[in-house]
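A look at the structure
Spelled out, the chains give:
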Amino acid sequence: MTSALAVVAVGLLLAWAFAPRPVQVEVAEARRGLFERSIEEDARTRLRDRYIVSAPLAGQLARITLREGDAVRAGDVLATLTPVYSPMLDERTVSELNARIDTIQAMVQRAGARVERAQVAVELARQELARSEQLAQQGFIAATKRDTDRLALDAARKEYDTAVLDQRVARHELTQARAALSAVRAPGTGAARAFQVRAPVDAQVLKLSQTSEGVVALGSPLMELGDTRQLEVVAELLTHEALQTPPGTPVRIDRWGGPVVLDGRVRRVEPAAFTKVSALGVEEQRVRVIIDIDTPHAQWSALGDGYRVGVQLIVRRERDALRVPVSAVFPWDSDNRSNMAVFVVRNGRAHLQPVTVGERNGVEAWIREGLDEGASVIIYPPAAVRDGVRVQARQP
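What comes next concerns the included structure.

Definitions and limits used
- Residues numbered from 1 in each chain as written.
- Predicted model: local features only at pLDDT ≥ 70, side-chain atom pairs only at ≥ 80, totals over all residues.
- Heavy atoms only, no water.
- Phe/Tyr/Trp six-rings, centres within 6.5 Å; stacked < 30°, edge-to-face > 60°.
- Helix = DSSP H or I, 4+ residues; strand = E, 2+ residues; numbered from the N terminus.
- Buried < 20%, exposed > 50% of the residue type's maximum accessible area, 1.4 Å probe, protein only.
- Lys NZ or Arg CZ within 6 Å of the ring centre and 35° of its normal.
- Pairing = 2+ DSSP bridges.
- Expected span 1.5 Å × (residues − 1).
- Contact = heavy atoms within 4.5 Å.
- Patch = residues over 30% accessible without salt bridge, like charges linked within 9 Å, V, L, I, M, F, W, Y side chains within 5 Å.
- Areas by Shrake-Rupley, 256 points an atom, 1.4 Å probe, with all protein chains shown as cover.
- Salt bridge = Lys/Arg side-chain N within 4 Å of Asp/Glu carboxyl O.

All right, on to the packing of aromatic side chains then. Here the structure, examined in full by the defined rule, presents two aromatic pairs. Where Phe35 meets Trp366, the ring centres are 6.2 Å apart and the plane angle is 40°; that geometry is what we call tilted. Of the two residues, Phe35 sits in strand 2 (residues 31–47) while Trp366 sits in strand 20 (residues 364–369), which places them 331 residues apart along the sequence. This pair shows no difference in class: Phe35 is buried, exactly as Trp366 is. For the cation-ring pair, Arg288 lies above Phe274, with the distance from its terminal atom to the ring centre recorded as 4.4 Å.

Moving on, we come to the sheet that holds strand 5 (residues 71–72). Overall, antiparallel pairing links the four strands, which are arranged 3-10-8-5 in an open sheet. Across the chains shown, the open sheet's two edge strands, defined by having one partner strand only, are strand 3 (50–54) and strand 5. Sheet topology places strand 5 next to strand 8 (residues 203–208); two bridges connect them, and they run antiparallel. Note on strand 8: the bridge partner recorded for Val72 is Ala203.

With 48 residues, helix 2 (residues 91–138) should cover 70 Å at 1.5 Å per step; its first-to-last C-alpha distance of 71 Å lies within 8% of that length. Once helix 2 ends, the next one or two residues include Gly139, with phi positive near 85°.

Structurally, the position occupied by Pro200 is in the loop between strand 7 (195–198) and strand 8. Taking the C-alpha atoms as reference points, Pro200 and Asp76, 124 residues apart in sequence, are found 8.4 Å from one another. If near-sequence neighbours (up to four positions away) are discounted, Pro200 is found in contact with Tyr51, Val53, Ala74 and Leu225.

Moving on to a nonpolar patch on the surface. On the surface, Leu57, Phe195 and Leu218 cluster together to form a nonpolar patch covering roughly 280 Å² of accessible area. Locating Leu57 in the fold gives a position in the loop between strand 3 and strand 4 (59–61). By relative accessible area, which is 32% here, Leu57 ends up partly exposed.

Of note in the backbone geometry, Arg255 takes a positive phi value of approximately 55° without being a glycine. Turning to its location among the elements, Arg255 is positioned in the loop between strand 12 (250–254) and strand 13 (262–269). Even without a glycine there, the phi angle at Tyr380 is positive, about 50°. Within the secondary structure, Tyr380 sits in the loop between strand 21 (376–379) and strand 22 (391–393).

Okay, structure coming up:
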């Protein structure tokens, strides 16, 4: 009797040892709530408007005391320009200028003599015309003689006007020649008039192109200004992703170094794409998406131009969606890979449940049909899980 009981006990022990065990699985509960699908990308900030202040004229630039980050208001003096000195002249050039002055002085004297001669000619022509008119009235000379004398007077007057103009030109040339020599004879005399370059808008100094005193040419950049309160975010998206983010798409801005996530909105998607080589060497077509920051400036005042940030562009948002972990959903029809299913745990067994998936993101899947709220689904189902297989939830 004792040996029979031992045999039965051993048989029961062997049956228990070789009986199939429930498969250990991880489960999650299907819950309703907010579902979002977003496109995540690295981005950078940039100023909406920037101003490059350049020298409006060539001159001597005084040392700029402003530094990067200084705030300026519209109309504030940014830089001061003064006229530059005339170039230094050698002895030969000075001698040539003196000789030119002597020559032009002689030309002025000759022009003066020509004016006097022309003035005498006018007076003679006037007297001759007066005699001719008197004799013509008395009938002693023909009328043609009077007309000829009148034309001679007009010609003498024009000759006088020309002589006066030549004298004026000669005097101007003499003034120019003396001015060319004045910088050598008395350099630095007289107070130079300063020209002040002023700020066009209220902004901050972003970059200084010229800080030391020196001579600058016309159009030389002096500094770069911008209002850091008017920042925008630029994200470079793949073209098929950019088509999903029209203007008005909500954006979350994170990984910028601050304690809060900033809110933003797509303002513009640029119409032209460009080719960019990825880190793996793959050519990609990308397009720039411009994002406005909606969060008040006080919460992101530390941000500046060209800072790196992360953006999440919300392309789909459902307020009351049935959600399960994305790792619980898998294709189950080999002929149609779009057919999706999950394993639902009921009464200790796994049941294959076809479902209709609306959207998926990196964490969750939105189940449109085929699943009830509160159902327990298997996440990362092992290969041993089949429809009807006994399963046991693994304890955390």
